[in-house]
Amino acid sequence: MRSTFFILLIFIGISAMAQQSDKEAYIKKESIGGKLDFTKKVDAKYKDNALITFGDTAYNKKDFAILLWAANVRNLDVNSVDQAINIWEQIYKRSLTDPEKKALHTGFEAKF
């Protein structure tokens, strides 16, 4: 009985790790040119605006696209801002600037 329970726990752990891996693979795949790439959508919708106001802060288009990305990644069950930052930096192969981090934090914590 104990060994069956132990095997079940191992299976659940492996399954959770696989789901996490699948989730990150999906995010990475869709972040450039896919459903999670908000750069062109923001450019098209706000083509006449240099800054976009969200809450009390004005964002440039690039930072606002990061804000939207973070909100959508959170909805895909990314559990922490640090994990979202890590995924973003792996995708784009560079560190976020301070304004980009602020936008990511805001998007991650926003309620849409």
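Residues numbered from 1 in each chain as written. Predicted model: local features only at pLDDT ≥ 70, side-chain atom pairs only at ≥ 80, totals over all residues. Heavy atoms only, no water.

**Looking at the pattern of salt bridges**
1) Next: Counting across every chain of the model gives four salt bridges.
2) Next: The salt bridge involving Arg94 is made with Glu100; its shortest N-O contact spans 2.8 Å.
3) Next: The class of Arg94 is partly exposed, set by a relative accessible area of 36%.
4) Next: Residue Glu100 is classed as buried on the basis of its relative accessible area of 1%. (Salt bridge = Lys/Arg side-chain N within 4 Å of Asp/Glu carboxyl O. Buried < 20%, exposed > 50% of the residue type's maximum accessible area, 1.4 Å probe, protein only.)

**Regarding the pairing of strand E1 (residues 51–54)**
1) Next: By the bridge criterion, four bridges tie E1 to strand E2 (residues 57–60) in an arrangement that is antiparallel. Bridged to Leu51 within E2 is Asn60. (Pairing = 2+ DSSP bridges. Helix = DSSP H or I, 4+ residues; strand = E, 2+ residues; numbered from the N terminus.)

**Topic: unusual backbone geometry**
Negative phi values dominate among residues other than glycine, just as trans dominates among peptide bonds.
1) Next: One non-glycine residue, Asp77, adopts positive backbone phi at about 75 degrees.
2) Next: Summarising the element assignment, Asp77 is placed in the loop between helix H3 (61–75) and helix H4 (81–92).
3) Next: With a relative accessible area of 52%, Asp77 lands in the exposed category.

**A look at the nonpolar core**
1) Next: One finds Ile27, Phe38, Val42, Phe64, Trp69, Val78 and Leu104 to be the most contacted residues of the largest nonpolar core, which totals 25 residues.
2) Next: Listing elements by their share of this core, those giving two or more residues are H3, H4 and helix H5 (98–109).
3) Next: Of the residues forming this core, the biggest block, eight residues, is contributed by H3.
4) Next: Excluding its chain neighbours within four sequence positions, the residues that come into contact with Phe64 are Val42, Tyr46, Ile52, Phe54 and Tyr59. (Core = buried A, V, L, I, M, F, W, Y, C linked by side-chain atoms within 4.5 Å. Contact = heavy atoms within 4.5 Å.)

**Topic: the layout of surface pockets**
1) Next: Estimates place the volume of the largest pocket at around 180 Å³.
2) Next: Considering the residues around the largest pocket, the lining is formed by Ser31, Leu36, Asp37, Phe38, Thr39, Lys62, Ala65, Ile66, Trp69, Trp88, Tyr92 and Arg94.
3) Next: Of all the secondary structure elements, the ones that give two or more residues to the lining of the largest pocket are H3 and H4.
4) Next: With four residues, the single largest contributor to the lining of the largest pocket is H3.
5) Next: Each residue belonging to the lining of the largest pocket can be placed in one class, and the counts come to seven nonpolar, two polar and three charged. (1 Å grid on protein atoms, 1.4 Å probe; cavity = no way out; pocket = protein on both sides within 12 Å on 5 of 7 lines; lining within 4 Å. Points joined across faces, edges and corners; volume = space filled by probe spheres on them. Nonpolar A, V, L, I, M, F, W, Y, C, P; charged D, E, K, R; others polar.)

**Considerations on the side chain of Lys23**
1) Next: In this fold, Lys23 is placed in helix H1 (residues 2–30).
2) Next: The buried charged residue Lys23 lacks any salt bridge partner; its closest oppositely charged side chain belongs to Asp77, at an N-O distance of 5.7 Å. (Lys, Arg positive; Asp, Glu negative; His and termini not counted.)

**As for the environment of Tyr92**
1) Next: By the secondary structure assignment, Tyr92 is in helix H4.
2) Next: Tyr92 gets classed as partly exposed once you look at its relative accessible area, which sits at 29%.
3) Next: Along the primary structure Tyr92 and Lys28 are separated by 64 residues, whereas in three dimensions their C-alpha atoms are 9.4 Å apart.
4) Next: At a separation of 3.0 Å, a polar atom in the side chain of Tyr92 contacts the main-chain carbonyl oxygen of Ser31. (Polar contact = N/O pair within 3.5 Å; in protein donor to acceptor, adjacent residues only side chain to side chain.)

That's the geometry; what it means functionally is another story.
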